[in-house]
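Here is how the chains run, residue by residue.
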Amino acid sequence: MLRLERYITQSVLWAILLVLMVVVGLDAVSALVDEAEDSSETYGFAQIGYYILLTMPDRFYEFIGPAALVGCMLGLGNLASSSELVVMRAAGVSTARLTWIAMKPAFIVAALGFVIGEYVAPRSEQAAQTYRALAQQKPGGYASDGGVWNREGNTFLNFNAVEKQGIAHGLVLFQFDEKGELQSALRANRAEFRGDHWMMESVQRTTFSSWETQRTRHKTLRWNTAITPDLLSIEMVMPEQLSIADLYRYSNYLAGQGQDSDDYQLALWKKLLQPLAVSGLVLVAISFIFGPLRDGTMGFRIFAGVVVGITFRTLQDLLGPASLVFGFSPLYAALVPIAVCVAAGFLLLSRAR
């Protein structure tokens, strides 16, 4: 039995890893082509390639669920096509036992995805976005056309990038009063964090009053704020690309500032439930092999896996924004697609018996 378990586990695991490598490779090539449209003198092919390389861990994490689904279909499908599953069941191995054995690779992949998503992808993605922003920074160092926004009280901050050493680039600060009227606008080439404050360099400040505007320049200017480089680094990436610890910490920070943190709460629950999501998708794949796709071709299995994966992702994409609009808990938005997969998997398996 141990040899049988090892054989099934290896067949499914290698199929999942192969699908993952192919899907991530195609996605990286597509991203490389898209990034080439933003190339410039300072952001050439070498810089674009390095940026794509830094984003690879996040791409692996993003596609682990779909790859586990399709890979499991292919791995078990090959065993079904060669009648090996039939022989195993004829030898007295129950469907429940085969299902448990086939789920083990899913647990391995889910654990791998959790480690990448929690400890590798967030850091590499933050480094990638910082590298890209610095490479594309316009002359003068001030904020680009896009930049990243943050808020503290009545102060709104836009910046290009922030480095690990606590150096921010291209800052623009807008200060409003309690009535929402603009009091001042400040531009700084760069700023360095020094424990409890920022020291800005090459500062240009414009103050507004009811009768005039006044512009002053400062070589350096102190900025007292509770905003730290860690908080700015979190702003550089999408909520889905952050670690669980950063999502929890930043959600509390936004709540303390009186800002909406539901999108970060949603990303937090998706991260926490990601192993269950992978397991649910694999359970659907197993139920398909023991049920309607037992005699299907490899091409049809891939098609079915892609359809299920797209349906799962669409359901997540619909419920996520819906939770933000209608105000129900982000936990439900993250949990419902998983529950649907698990229920469908058990239903199909029960009929396959």
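What comes next concerns the included structure. Only a predicted model underlies this, so the values are computations on that prediction, with no experimental measurement involved.

### Some words on the overall build of the protein chain
Okay, so step 1: Each helix and strand counted, the protein chain has 12 helices and seven strands in total.
Okay, so step 2: The dimensions of the protein chain, computed from C-alpha atoms along their principal axes, are 90 × 45 × 30 Å.
Okay, so step 3: Looking at the 353 residues of the protein chain, the share that counts as buried comes to 48%.
Okay, so step 4: Sequence separation of 24 or more characterises 63% of the internal contacts of the protein chain that already satisfy a separation of 6 or more.
Okay, so step 5: Here the protein chain has roughly 17,800 Å² of accessible surface; of this, 61% comes from carbon and sulfur atoms.

### Examining the pairing of strand E2 (residues 155-159)
Okay, so step 1: Most of E2 sits inside the fold, with four of its five residues counted as buried.
Okay, so step 2: Sheet topology places strand E1 (residues 148-152) next to E2; five bridges connect them, and they run antiparallel. Across the sheet, residue Glu152 finds its bridge partner in E2, namely Thr155.
Okay, so step 3: As consecutive antiparallel partners, E1 and E2 are separated by two residues, and within that stretch Gly153 has a phi angle of approximately 65 degrees, a positive value.
Okay, so step 4: Pairing of E2 with strand E4 (residues 167-176), which is carried by four bridges, proceeds in the antiparallel orientation. Directly across from Thr155, in E4, lies its bridge partner Gln175.

### Quick notes on helix H6 (residues 95-135)
Residue pairs three or four apart in sequence face the same way in an α-helix, which turns once every 3.6 residues.
Okay, so step 1: For H6, which comprises 41 residues, the first-to-last C-alpha distance of 55 Å matches the rise-based estimate of 60 Å (1.5 Å per residue) to within 8%.
Okay, so step 2: The largest bend in H6 comes to about 45 degrees, at Gly117.

### Focus on the environment of Met236
Okay, so step 1: With respect to the helices, strands and loops of the structure, Met236 is situated in the loop between helix H7 (229-235) and helix H8 (244-256).
Okay, so step 2: Its relative accessible area of 10% is what places Met236 among the buried residues.
Okay, so step 3: Measuring from C-alpha to C-alpha, the distance between Met236 and Trp149 comes to 9.1 Å, with 87 residues separating the pair along the chain.
Okay, so step 4: Discounting chain neighbours no more than four positions away, the residues touching Met236 are Gln129, Thr130, Ala133, Val148, Phe159, Asn160, Ala161 and Val162.

### Notes on the packing of helix H4 (residues 64-81) against helix H10 (residues 274-290)
Two quantities define a packed helix pair, namely the angle between the helix axes and the distance between the axes.
Okay, so step 1: Axis separation between H4 and H10 bottoms out at 8 Å; the angle between their running directions is 25 degrees. With respect to their mutual orientation, H4 and H10 come out roughly parallel. Crossing of H4 over H10 shows right-handed handedness. Across the interface between the two elements, Ile64, Gly65, Pro66, Ala68, Leu69, Cys72, Met73, Leu76, Gly77 and Ala80 from H4 touch Gln274, Val278, Leu281, Val282, Ala285, Ile286, Phe288 and Ile289 from H10.

### Notes on the nonpolar core
Note that soluble globular proteins tend to have their nonpolar side chains buried in a common cluster.
Okay, so step 1: Ile8, Leu76, Leu85, Val282 and Ile286 are the most contacted members of the largest nonpolar core, which totals 58 residues.
Okay, so step 2: Elements supplying a minimum of two residues to this core: helix H1 (2-36), helix H2 (45-54), H4, helix H5 (84-90), H6, H10, helix H11 (298-326) and helix H12 (330-352).
Okay, so step 3: Not counting the four nearest positions on each side in its chain, Leu76 is found in contact with Ile8, Val12, Leu85, Ala102, Ile286 and Ile289.
Okay, so step 4: Grouped together as the second largest cluster of nonpolar side chains are 32 residues, Ala133, Ala188, Ile227 and Ile234 included.

### A look at the environment of Asp262
Okay, so step 1: Tracing the backbone through its elements, the reader meets Asp262 in helix H9 (residues 262-272).
Okay, so step 2: Along the primary structure Asp262 and Pro321 are separated by 59 residues, whereas in three dimensions their C-alpha atoms are 9.6 Å apart.
Okay, so step 3: Apart from the residues within four sequence positions on either side, Asp262 is in contact with Leu324 and Pro330.

### Comments concerning the packing of aromatic side chains
Okay, so step 1: Scanning the entire structure with this criterion turns up eight aromatic pairs.
Okay, so step 2: When the centroid spacing of 6.2 Å and the interplanar angle of 25 degrees are considered together, the rings of Trp149 and Phe174 count as stacked. With a gap of 25 residues between them, Trp149 in strand E1 and Phe174 in strand E4 connect regions that are remote in the sequence.
Okay, so step 3: With relative accessibility at 25%, the residue Phe174 sits in the partly exposed group.
Okay, so step 4: Relative to Tyr253, the ring of Tyr250 has its centre 5.5 Å away and its plane inclined at 25 degrees; by these criteria the two rings are stacked. On the criterion of helical spacing, the pair formed by Tyr250 and Tyr253 is a turn pair, its members being three residues apart in helix H8.

### Focus: the state of the cysteines
Okay, so step 1: Within this structure, the stated rule accounts for zero disulfides.
Okay, so step 2: Here Cys341 is not disulfide-linked; the sulfur of Cys72 is the nearest cysteine sulfur, at 13 Å.
Okay, so step 3: On the accessibility criterion, Cys341 (8% relative accessible area) is buried.

### Concerning the side chain of Thr155
Okay, so step 1: Within the secondary structure layout, Thr155 lies in strand E2.
Okay, so step 2: Only 2.4 Å separates the side chain of Thr155 from the side chain of Gln175, close enough to count as a polar contact.
Okay, so step 3: Other than its neighbours up to four places away in sequence, Thr155 contacts Asn150, Leu173, Phe174 and Gln175.

Cut-offs and rules
- Residues numbered from 1 in each chain as written.
- Predicted model: local features only at pLDDT ≥ 70, side-chain atom pairs only at ≥ 80, totals over all residues.
- Heavy atoms only, no water.
- Helix = DSSP H or I, 4+ residues; strand = E, 2+ residues; numbered from the N terminus.
- Buried < 20%, exposed > 50% of the residue type's maximum accessible area, 1.4 Å probe, protein only.
- Contact = heavy atoms within 4.5 Å.
- Areas by Shrake-Rupley, 256 points an atom, 1.4 Å probe, with all protein chains shown as cover.
- Pairing = 2+ DSSP bridges.
- Expected span 1.5 Å × (residues − 1).
- Bend = angle between axes of the 7 residues up to and from the residue.
- Axes fitted to C-alpha atoms, helices over the stretch in contact; angles between N-to-C directions.
- Parallel < 35°, antiparallel > 145°, perpendicular 65-115°, else oblique.
- Left-handed = near helix turned anticlockwise from the far one by under 90°.
- Core = buried A, V, L, I, M, F, W, Y, C linked by side-chain atoms within 4.5 Å.
- Phe/Tyr/Trp six-rings, centres within 6.5 Å; stacked < 30°, edge-to-face > 60°.
- Disulfide = S-S within 2.5 Å.
- Polar contact = N/O pair within 3.5 Å; in protein donor to acceptor, adjacent residues only side chain to side chain.

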